[in-house]
Amino acid sequence: MFNVETIRKDFPILSRKVNGKPLVYFDNAATSQTPQQVIDVIVDYYSNYNANIHRGVHSLSQEATDKYEQARHKIQNHFNAKFAHEIIFTSGTTHGINLVANGFSSILKDGDEVIVSALEHHSNIVPWQMLCERTGAILKVIPMNQEGELVISEYDKLLSNKTKLVFVNHISNALGTINPIENIITKAHNVGAAVLIDGAQASPHIKADVQKLDVDFYVVSAHKMCGPTGVGILYGKEEWLNKLPPYQGGGEMIAEVTFEKTTYATLPHKFEAGTPNICGGIAFGAALDYMNAIGFENIAKYEHELLEYGTQKLSEIEGLKIYGTAKHKTSVISFNLEGIHPYDVGTILDKMGIAVRTGHHCAQPIMDFYKIPGTVRASFAFYNTKQEIDALVEGVKKAKLMLS
Ligand SMILES: *Cc1c(COP(=O)(O)O)cnc(C)c1O
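Residues numbered from 1 in each chain as written. Predicted model: local features only at pLDDT ≥ 70, side-chain atom pairs only at ≥ 80, totals over all residues. Heavy atoms only, no water.

## Section: helix H5 (residues 126-135)
Condition: Buried means the residue's accessible area, taken with a 1.4 Å probe over protein chains only, is under 20% of the maximum for its type, while exposed means over 50%, and partly exposed covers the values in between. The way it works is that DSSP assigns letters per residue, a run of H or I at least four long becomes a helix, a run of E at least two long becomes a strand, and they are numbered from the N terminus. Directions pointing from the helix axis toward each C-beta atom define the arc. The contact criterion used throughout is that any non-hydrogen atoms of two residues lie within 4.5 Å.
Among all positions of H5, only Pro127, Trp128, Leu131, Cys132 and Thr135 are buried. Looking straight down H5, one finds that the buried residues subtend no more than 140 degrees of arc, so they occupy a single side. Its buried side turned inward, H5 meets helix H4 (93-104), strand S5 (113-117), strand S6 (138-142), strand S7 (163-169) and strand S8 (194-198). Once H5 ends, the next one or two residues include glycine 136, with phi positive near 85 degrees.

Okay, structure coming up:
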């Protein structure tokens, strides 16, 4: 049974005060909070078996290596990858995307085409622009509509046998739109293009099955799903990961090094140069255990209730406009009060202990589309409550009175 009050007890930070008021944490799309079960794993690592992995013969190193590789298996199972070596540990989504973009430098040729969407986070735009500059490939953009949905009929027109790669997010961090990625992947494959899905915003809400999706690359960050910062994974199909060259050189990623020639290690080590975030990887595994014990279906159902409640209550405020009204969306509400800068609303809410994000949310093209400088974004997680949404609504009303 899903009981939010029991769940909230797992998160120590949720009982603190901010500016003298109980914390209302609505910035989950930027980073999620960490349950005690994950904090305990981090403390246990540094208290009991901190050691470098894959190298030492001593017991601590063995223990740390076992735990780290167990975490890789947990992540493999969670995303239903065929092989554990298709899971590459990274420092997060941004790292995963840069790794793939760098790899495609040696594959793309002048005049090849790659496709992005209008709904992307900067980290799924800039690495590809850099790739296009290096290779002469051409970047095409799937447009969006007023509701914040991708216009798939336009995507159809962009696809051709020149298309080599398509990269879109599963869920938009700025608007919450759930993109029709099954359809996008199938159509890309029909013209022989590979697909990378940025799953950073989807992973806290939806359990992606990479084999069922038949996706070539899927990237996530642990810190968006109850894990620590500085760790994430790149899932890649074995054949693609074998085809791509290494991203960084160093220790751990080699088979043999001489000054004449170096040969590379097999997967996954080929892409894991240097000492990784060992504790972070193990804690990521613990975060998946935690979320799976609650159940992603329970999480999605409850968050949908919060989204409907919040949308209704906020819509009742005169002069408030919600951006992103897609039919399929997750618990993100981006909004503005008429004539008031989002930053000012965010500052007043903070005084009341309410944490929201203000600004362009690393998605300036979306803000340009709506011709606004930014929005106030409230993003809900499974540990938030309707009472907290009531506090937000009161806060927004107060901000409106003070600022207009
Ligand atoms: C958070 C986020 C990113 C960036 O993740 P990092 O952890 O900062 O690398 C990329 N894309 C989306 C959709 C995100 O929500």
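So that's the structure; there's more coming.
## Concerning the sheet that holds strand S16 (residues 357-359)
Worth spelling out the cut-off: The pairing criterion is simple: DSSP has to find at least two bridges between the two strands. Here an angle of 0 to 180 degrees is reported between the N-to-C directions of two axes, which are lines fitted to C-alpha atoms, with helices fitted over the stretch in contact.
On the basis of which strands lie adjacent, the open sheet formed by four strands has the order S13-S14-S17-S16 and antiparallel pairing. Unpaired on one side and paired on the other, strand S13 (320-323) and S16 mark the two borders of the sheet. The average undirected angle you get between the axes of adjacent strands in this sheet is 30 degrees. Note that S13 and strand S14 (residues 332-337) share four bridges and pair antiparallel. Along S14, the bridge assignment pairs tyrosine 323 with serine 334. Taken strand by strand, helix H11 (residues 296-315) contacts S13 and S14, and its axis lies near 10 degrees from that of S14. Together, S14, S16 and strand S17 (375-379) form the strand contacts of helix H12 (residues 342-351), whose direction differs from that of S17 by roughly 45 degrees.

## Some remarks on the packing of aromatic side chains
Spelled out, the test is: Pairing of aromatic rings covers Phe, Tyr and the six-membered ring of Trp, with a centre-to-centre limit of 6.5 Å; geometry is then stacked below 30 degrees between planes, edge-to-face above 60, and tilted otherwise.
A complete count under the given rule lists 17 aromatic pairs for this structure. Considering the side-chain rings of phenylalanine 2 and tyrosine 302, the 4.6 Å spacing of their centres and the 35 degrees angle between planes classify their relative orientation as tilted. Of this pair, phenylalanine 2 sits in the segment before helix H1 (4-9) while tyrosine 302 is found in helix H11, placing the two residues 300 residues apart along the sequence. For phenylalanine 2, a relative accessible area of 21% corresponds to the partly exposed category. For tyrosine 302, a relative accessible area of 12% translates into the label buried. A centroid spacing of 5.2 Å and a plane angle of 65 degrees characterise the contact between phenylalanine 382 and tyrosine 383, whose relative ring orientation is edge-to-face.

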